Amino acid sequence: MSTTTTRGVTRPAPAKASRARPRRGLRGSSTFNFWLFTGPFLIGLLVFVYIPIVWSLWLSFFEARFTVTPDKFVGFDNYRQMLQNSNFTGALVTFTVFAAIIVPVTWAFSLGLALMVNRLSFMRAFFRSVFFLPTACSYVAASLIWKMSIFSGVRFGLMNTVLGWFGIDNIAWLANPDPPWYWLVIVSARLWLQAGFYMILFLAALQNIPPELYEAAAIDGAKPGWQTFRHITLPQLRATSTAVILLLLVAAYQAFDEFYNLLSKTTWGRPPLVELYYTALGQAQDYGAGSAGAVILTLLICVVTLLQGKLMGFGRGEAK
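The structure reproduced in this document is the subject of the present report. The shown structure was predicted, so the numbers you read here are calculated from the model rather than taken from an experiment.

What follows concerns the packing of helix α7 (residues 182-207) against helix α10 (residues 238-253). At a minimum axis distance of 10 Å, the contact between α7 and α10 shows a crossing angle of 160 degrees. By the angle between their axes, α7 is roughly antiparallel relative to α10. Handedness of the α7/α10 crossing: right-handed. Facing R190, Q194, F197, Y198, L201, F202 and A205 of α7, the residues of α10 in contact are T240, S241, V244, L247, L248, A251 and A252. Partitioned by chemical class, the residues of the contact of α7 with α10 number 10 nonpolar, 3 polar and 1 charged.

Okay, structure coming up:
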């Protein structure tokens, strides 16, 4: 070690400051880390989402029976065939009505649950978890429970047992389209499965509302309850409400599992995806017509979603 002498006192030479070496490897390259973690997801998204969408769009303009690599171009014949199919067009109309029913019902029910849970002063986490748990349940399992236990057409079904206490005869919930009791089965199952998820969204939005707004309203003489909810809570939930309704609309048109398991052997009450399933994977295996129907359904969802977003002011800046 080198030394220096000052007035006869030997002192060690000051150590040279070592330069910090840049880190190499996984921590040294943020770009590499980004692609390392997002690469598999992007590859999966490309392979399982975007390529099938483009392939389906391309397939809809060809005659494709029993093959997904056709060579006969038919133009818009597949679209004309699907629009002339009464089962498919009837399913589109039926599910437009279904969306008009299930969307506001789920919106109101999930918002009501969020308001109740938000007002709790104890066991809030418990009730939040209880209401959210059905979201993790399989749609197939829930459909079978609704069909075989709760809404079974025999007298041992839960609903028929309850109705029997009041002297009401057994109801074949899923056997007859007239009266259409099957809608009660489907709507109740979907409401039970979905409400907890949207409740969490509303609950998060409610907890982000500044309490100063309610304090200012109380000073101005606003009464707690409906008046406060209408003029403060509901306007503050506008963005969340719009997102929830958009998600509900898309989910309503894409309903498949519960309908297929509840009404698989019937020709009435089929959703569009079930019709497409039988068209593309039935005896004819007409992939071209099935792809055209999927494109029509996608365009319908986009149109309805854009109209709803326009009415709700989605993407519009806050008024100043």
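The next subject is helix α5 (residues 139-150). Along α5, the positions that sit buried rather than exposed are A142, S143, W146 and I150. Angular distribution of buried residues about the axis of α5 spans 105 degrees; they occupy a single face of the element. At its buried positions, α5 is contacted by α6 (158-165), α7 and α11 (257-262). Between a side-chain oxygen at the N-terminus of α5 and the backbone nitrogen of V140 the separation is 3.2 Å; the capping residue is S138.

On to the packing of aromatic side chains, then. Per the counting criterion, the structure on display carries 23 aromatic pairs. On the basis of an interplanar angle of 40 degrees and a centroid distance of 4.5 Å, the ring pair of W58 and F62 is categorised as tilted. Taking the relative accessible area as the measure of exposure, W58 reaches 36% and is therefore partly exposed. Clustering of aromatic rings is evident, with ring pairs tying together W55, W58, F61, F62, F73, F76 and Y79.

Together, I43, L46, V47, F48, V49, Y50, I51 and I53 make up a nonpolar patch on the protein surface, roughly 800 Å² of accessible area in all. With respect to the secondary-structure elements, I43 resides in helix α1 (residues 30-59). What makes I43 exposed here is its relative accessible area of 54%.

What follows deals with the pattern of salt bridges. Overall, the coordinates contain 4 salt bridges when judged by the stated rule. Among the ionic pairs, E63 bridges to K72, the shortest N-O distance being 3.3 Å. Here D77 makes a salt bridge to R80, at a shortest N to O gap of 2.6 Å. Residue D77 and its partner R80 are both found in helix α2 (residues 77-83); the two are separated by 3 residues, about one turn of the helix. According to the relative accessible area criterion, D77 is partly exposed, its value standing at 38%.

This paragraph deals with helix α13 (residues 287-312). Across its 26 residues, α13 extends 37 Å between first and last C-alpha, which sits within 8% of the 38 Å expected from 1.5 Å per residue. At the N-terminal end of α13, a side-chain oxygen is found 3.4 Å from the backbone nitrogen of G288, two or three residues along, and the residue is D286.

We now examine unusual backbone geometry. A positive phi is found at F66, a non-glycine position, where the angle reads about 65 degrees. Mapped onto the secondary structure, F66 falls in the loop between α1 and α2. The backbone of M123 shows a phi angle near 55 degrees, a positive value even though the residue is not glycine. Tracing the chain through its elements places M123 in the loop between α3 (86-119) and α4 (124-132).

Rules and cut-offs
- Residues numbered from 1 in each chain as written.
- Predicted model: local features only at pLDDT ≥ 70, side-chain atom pairs only at ≥ 80, totals over all residues.
- Heavy atoms only, no water.
- Axes fitted to C-alpha atoms, helices over the stretch in contact; angles between N-to-C directions.
- Helix = DSSP H or I, 4+ residues; strand = E, 2+ residues; numbered from the N terminus.
- Parallel < 35°, antiparallel > 145°, perpendicular 65-115°, else oblique.
- Left-handed = near helix turned anticlockwise from the far one by under 90°.
- Contact = heavy atoms within 4.5 Å.
- Nonpolar A, V, L, I, M, F, W, Y, C, P; charged D, E, K, R; others polar.
- Buried < 20%, exposed > 50% of the residue type's maximum accessible area, 1.4 Å probe, protein only.
- Arc of directions from axis to C-beta.
- Polar contact = N/O pair within 3.5 Å; in protein donor to acceptor, adjacent residues only side chain to side chain.
- Phe/Tyr/Trp six-rings, centres within 6.5 Å; stacked < 30°, edge-to-face > 60°.
- Patch = residues over 30% accessible without salt bridge, like charges linked within 9 Å, V, L, I, M, F, W, Y side chains within 5 Å.
- Areas by Shrake-Rupley, 256 points an atom, 1.4 Å probe, with all protein chains shown as cover.
- Salt bridge = Lys/Arg side-chain N within 4 Å of Asp/Glu carboxyl O.
- Expected span 1.5 Å × (residues − 1).

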